[in-house]
Amino acid sequence: MQQRYSYFFILFFYAFQSIWAQQPQKPNAVELYHQIQKLNFLGSILYIAAHPDDENTRLIAYLSNDLKAETGYLSLTRGDGGQNLIGPELREQLGLIRTQELIEARKIDGGEQFFSRANDFGFSKNPEETLQIWDKDQVLSDVIWTIRRFQADVIINRFDHRSPGTTHGHHTSSALLSVEAFDKVNDPSVCPNQLQYCTPWQPKRLFFNTSWWFYGSKEKFEAADKSKLTKLAIGTYYASLGKSNQEIAALSRSRHQSQGFGSTGSRGEEDEYLELLKGEAPKEPSNLFEGIDTTWNRVKKGKPIADLLTAVVKNFDFKNPSASVPDLVSAYGLISDLEDSHWKTVKLQEIKKIIAGCAGLYLEATTDVQEATPGSTLKVKLEVTNRSTIPMKLMGIGAVPVYRSNQKSVDLKNNVPYTETNNLELPGDTAYTSPYWLNQPGTIGMYRVDDQKNIGIPDVLREIKVGFWIKICDVEFDFERNVVYKYNDDVKGEVFQPLDIVPIATSSIAEKVYIFNNDRSKTLTVKVKAGKDNLQGTVKLDLPVDWEVTPASIPFTIEKKDQEVMAVFSVSPSKEASEINIKSIVTMEGKDYSQNKIDINYPHIYKQMILKPAEARGIRLKIKTKNEKIAYIMGVGDEVPKSLSQMGYEVSVFKAEEITAEKLQDFDVVMTGIRAYNVVNALAFKQSILLDFVKNGKTMIVQYNTTDDLVTKDIAPFPFKISRDRVTEENAEVRFLAPKHPALNYPNKITANDFKGWKQEQGLYYPSEWDSHFTSIISANDKGEKPKDGALLIAPYGKGYYVYTGLSFFRELPEGVPGAFRLMANLIAIGK
Ligand SMILES: [Zn+2]
């Protein structure tokens with residue numbers, strides 16, 4: 001156990017991305033040359049912002065590749081709150097995708113990725129709100145932690161800490177916390193709990209990476225006085241790579257596929273500007289490290305290392321990098337003999353990797369299964385190939401952390417692979433694979449990570465590793481590789497994926513929320529998936545006593561791993577309004593398994609999985625409804641139709657092109673999905689049919705559209721102007737402007753209570769001006785702002801009603817928020 005601990009200790013401290021990489025690295029001569037040059041530079045820069053995509057990849061690529069500094073990007077959040085352009089994943093699943101995208105981006109621009117425990121909870125107008133929802137002390141502590149362990153000489157903020165309210169509150173908060181951390185990070189009385197793992201540290205200077213964006217326009221920035229700014233010419237052309245710095249940055253930026261940030265590189269000279277916020281101004285304005293010794297003289301007895309490495313750089317043979325190995329091994333010895341220090345550990349890890357690369361040493365530990373269960377035996381194929389004439393001897397191979405289970409002394413001859421296949425028995429208590437930051441429930445604003453050492457680690461922790469002990473030029477090295485799943489795909493060729501440790505059975509309930517608006521029972525389907533062969537057991541649903549489920553449990557057998565079976569239950573709700581959790585539980589040999597495995601699989605990132613409780617919510621509503629038949633026209637896509645059908649309405653989803661007056665005849669209500677008038681061009685020429693539908697005595701409900709690019713100016717029978725007004729505080733107090741209006745009274749009496757328990761926000765893109773035919777029903781605002789009265793506008797038109805609402809029903813209904821259902825039921829019933 002002790003060894004296991006010390007292993008993780010090392011992992012945490014000197015966490016380089018190669019440790020997590022699934023694919024074996026195969027650096028070429030140019031990359032190795034660049035890495036050796038980097039060995040001779042002892043300086044570090046930390047870039048700080050709030051989200052995946054905030055980082056300036058041009059600057060990161062420049063700092064890492066041209067300056068050759070250790071360059072880190074601390075993104076306070078993992079970007080859970082955004083939209084997903086490539087699939088259905090949202091919230092923490094989207095955060096996991098963006099985490100992987102950042103890791104891939106850093107592999108390209110050469111930076112190192114860090115995160116804090118802060119959760120991207122959604123849009124925030126100002127830092128006051130952000131820092132109330134985040135645990136400010138915890139996030140500050142994580143910023144301090146990252147600076148201390150990275151020993152950042154220079155910090156660069158993406159955002160301006162002096163302009164709250166002009167950008168996302170997370171952005172300004174990231175800058176505010178960075179400024180505060182700069183003053184506190186060297187004080188041992190601040191976050192003293194961290195000091196068992198690192199030392200206090202004072203960065204030399206703090207900059208703000210300004211740009212035209214902060215000046216309002218490119219013209220204004222051109223004209224601005226930049227004499228006080230540090231200017232960096234970042235348009236380097238790396239001849240050895242055949243790429244400009246901006247081209248590398250664009251490739252990195254283009255990893256952000258879930259955000260649709262594909263980027264095209266440019267060539268030629270371009271500048272970045274930095275404004276000094278704290279610390280000493282550099283005497284040479286463009287030298288960020290001015291006054292910091294970034295040579296090996298920075299460490300005691302470093303001089304001979306510098307001399308040796310300088311000679312290695314000078315004599316580097318691009319046709320035979322292995323010629324550098326003897327000198328690199330000597331340098332490794334000198335670094336090993338140094339007194340313990342940050343740079344000693346950083347550079348030892350780097351040089352070890354370079355020595356293996358220069359010698360063409362290929363190491364791999366693979367298995368032919370993607371998933372394994374605790375207690376099972378894994379067949380692991382090992383390969384060690386020395387592709388140089390450098391003398392090498394394999395001294396041992398063993399599963400980490402069981403060091404040296406396998407003593408040997410095998411000469412590794414040039415280009416002769418050594419292979420062996422071992423059975424690796426996974427201990428019964430091997431932890432399931434799952435993102436460590438999701439293992440325990442957090443709050444809206446924070447992930448919970450109890451182990452200080454894990455904070456900031458970008459990737460999912462993977463335990464199953466193999467150690468290789470190899471003598472190179474008579475010096476012994478230990479290398480580690482994750483055990484990874486490798487297979488040949490008929491189309492893609494060689495594919496590496498991470499190995500996941502999974503429960504022997506997982507299950508999932510078909511829907512996230514079940515709405516019961518009457519006593520009738522509903523069918524719940526549970527899918528059970530086998531993590532190994534020959535599974536036999538029962539599955540049941542766990543519900544409170546006043547809800548009923550039949551049958552009580554269902555037996556199943558599954559012959560083969562990865563196969564699934566369905567179990568169908570009938571659930572009857574309680575008589576009274578209630579909200580419950582429904583759990584699915586699989587029982588085998590007296591043991592319960594209640595986890596749902598969610599796989600996330602996209603070509604631009606490694607396959608990911610999350611284990612979550614296998615559950616759904618059951619909601620018994622007592623809502624009166626009138627009008628039954630709804631025609632729904634999709635906008636960018638939302639789950640409102642599904643929620644309405646769950647509630648008991650008869651919903652038909654239409655493409656706008658299909659709409660005719662005859663087809664709408666049987667319907668009581670037409671509803672448009674979010675942003676329909678932004679994306680559905682056909683609405684422009686179907687609008688008259690829809691307005692006639694209203695005129696003839698029916699109801700039309702239009703959900704929010706944004707201000708940009710409406711497909712028609714006349715989205716309503718009377719004019720109004722959509723603005724960017726929004727109420728982001730989901731529990732902001734709601735005032736009734738038309739308390740007698742049917743929308744608030746019939747068939748359900750709406751009270752302040754109905755606006756409690758809303759999720760993420762109250763609404764967005766409210767109209768700011770409207771024609772006098774409209775009645776404004778409610779008013780609300782975020783703290784410190786003027787009332788916003790455009791959330792719900794209703795106008796009689798002909799014999800019917802037209803309703804426009806920016807309230808975020810598209811979020812609230814799928815989450816099963818009762819008040820949102822009650823209000824929606826009234827809107828649907830309007831005019832009855
Ligand atoms: Zn951002």
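This text follows the structure it describes.
Now for a description of the structure that goes with this document. What you see as residue numbers is a count from 1 along each chain, following the sequence as written. In keeping with the model being predicted, local features are shown solely for residues with a pLDDT of at least 70 and side-chain atom pairs are shown and tallied solely at 80 or more, while totals for entire chains, interfaces and linings include all residues. Calculated side-chain values reflect all of the structure's heavy atoms, with hydrogen atoms and water omitted.

1. So, the coordination of the zinc ion
Coordinating N, O and S atoms are those within 2.8 Å of the metal (3.2 Å for Na, K and Ca), and as water is not part of the atoms, a site may appear to have fewer donors than expected. Around the zinc ion, the donor atoms from the protein are His51 (ND1), Asp54 (OD) and His171 (NE2), and they sit 2.0 to 2.1 Å away. Written as a sequence motif, the donor residues of the zinc ion are H-x2-D-x116-H. A residue pair is termed long-range when its members are at least 10 positions apart, and aspartate 54 in the loop between strand S1 (44-49) and helix H3 (57-65) and histidine 171 in helix H7 (residues 169-184) qualify at 117 residues. Across this residue pair, the class does not change: aspartate 54 and histidine 171 are buried. Only DSSP runs of H or I reaching four residues or more are called helices, and only runs of E reaching two or more are called strands; each is numbered from the N terminus. Under the scheme applied here, a residue whose accessible area is under 20% of the maximum for its type counts as buried, over 50% as exposed, and between as partly exposed, the area being computed with a 1.4 Å probe on protein chains only.

2. Here we look at the pattern of salt bridges
In the sections that follow, a salt bridge refers to a side-chain nitrogen of Lys or Arg positioned within 4 Å of a carboxyl oxygen of Asp or Glu. All chains considered together, the criterion is met by 48 salt bridges. For arginine 58, the salt bridge goes to glutamate 272, with nearest N and O atoms at 2.4 Å. Here the residue arginine 58 occupies a position in helix H3, and glutamate 272 occupies one in strand S9 (residues 271-279), the gap between them amounting to 214 residues. Take glutamate 272: its relative accessible area is 6%, and that puts it in the buried class.

3. Some points on the packing of helix H2 (residues 29-39) against helix H10 (residues 303-315)
Orientation is described by lines fitted to C-alpha atoms, with helices fitted over the stretch in contact, and by angles between N-to-C directions that extend from 0 to 180 degrees. One way to put it is that H2 packs onto H10 with a least axis distance of 9 Å and a crossing angle of 155 degrees. For the element pair H2 / H10, the angle class is roughly antiparallel. Here H2 and H10 pass one another in a crossing that is left-handed. Contacts from Tyr33, Ile36, Gln37 and Leu39 of H2 reach H10 at Leu309, Val312 and Val313. When its residues are assigned to classes, the contact of H2 with H10 shows six nonpolar, one polar and no charged. For this classification, under 35 degrees means roughly parallel, over 145 means roughly antiparallel, 65 to 115 means roughly perpendicular, and everything else is oblique. Put simply, a crossing is left-handed when the front helix is turned counterclockwise from the back one by less than a right angle, and right-handed when it is turned clockwise. Note on definitions: a residue-residue contact is assigned when non-hydrogen atoms from the two residues lie within 4.5 Å. Any residue that is not Ala, Val, Leu, Ile, Met, Phe, Trp, Tyr, Cys, Pro, Asp, Glu, Lys or Arg is counted as polar, Gly included; the first ten are nonpolar and the last four charged.

4. Some words on the packing of aromatic side chains
Stacked, tilted and edge-to-face are the three classes applied to pairs of Phe, Tyr and Trp rings, where Trp contributes its six-membered ring and a pair requires centres within 6.5 Å; stacked means planes under 30 degrees apart, edge-to-face means over 60, and tilted covers the rest. Following the criterion strictly, the structure yields 28 aromatic pairs and no others. Put simply, the rings of Phe718, Phe720, Phe774, Tyr797, Tyr802 and Tyr804 touch in pairs and so form one group of aromatic residues. Counted as over-ring charges are cases with an Arg CZ or a Lys NZ within 6 Å of the ring centre that also lie within 35 degrees of the ring normal. Positioned over the ring face of phenylalanine 479 is lysine 352, at 5.9 Å from the centre of the ring.

By themselves, these are just geometric observations and shouldn't be taken as functional.
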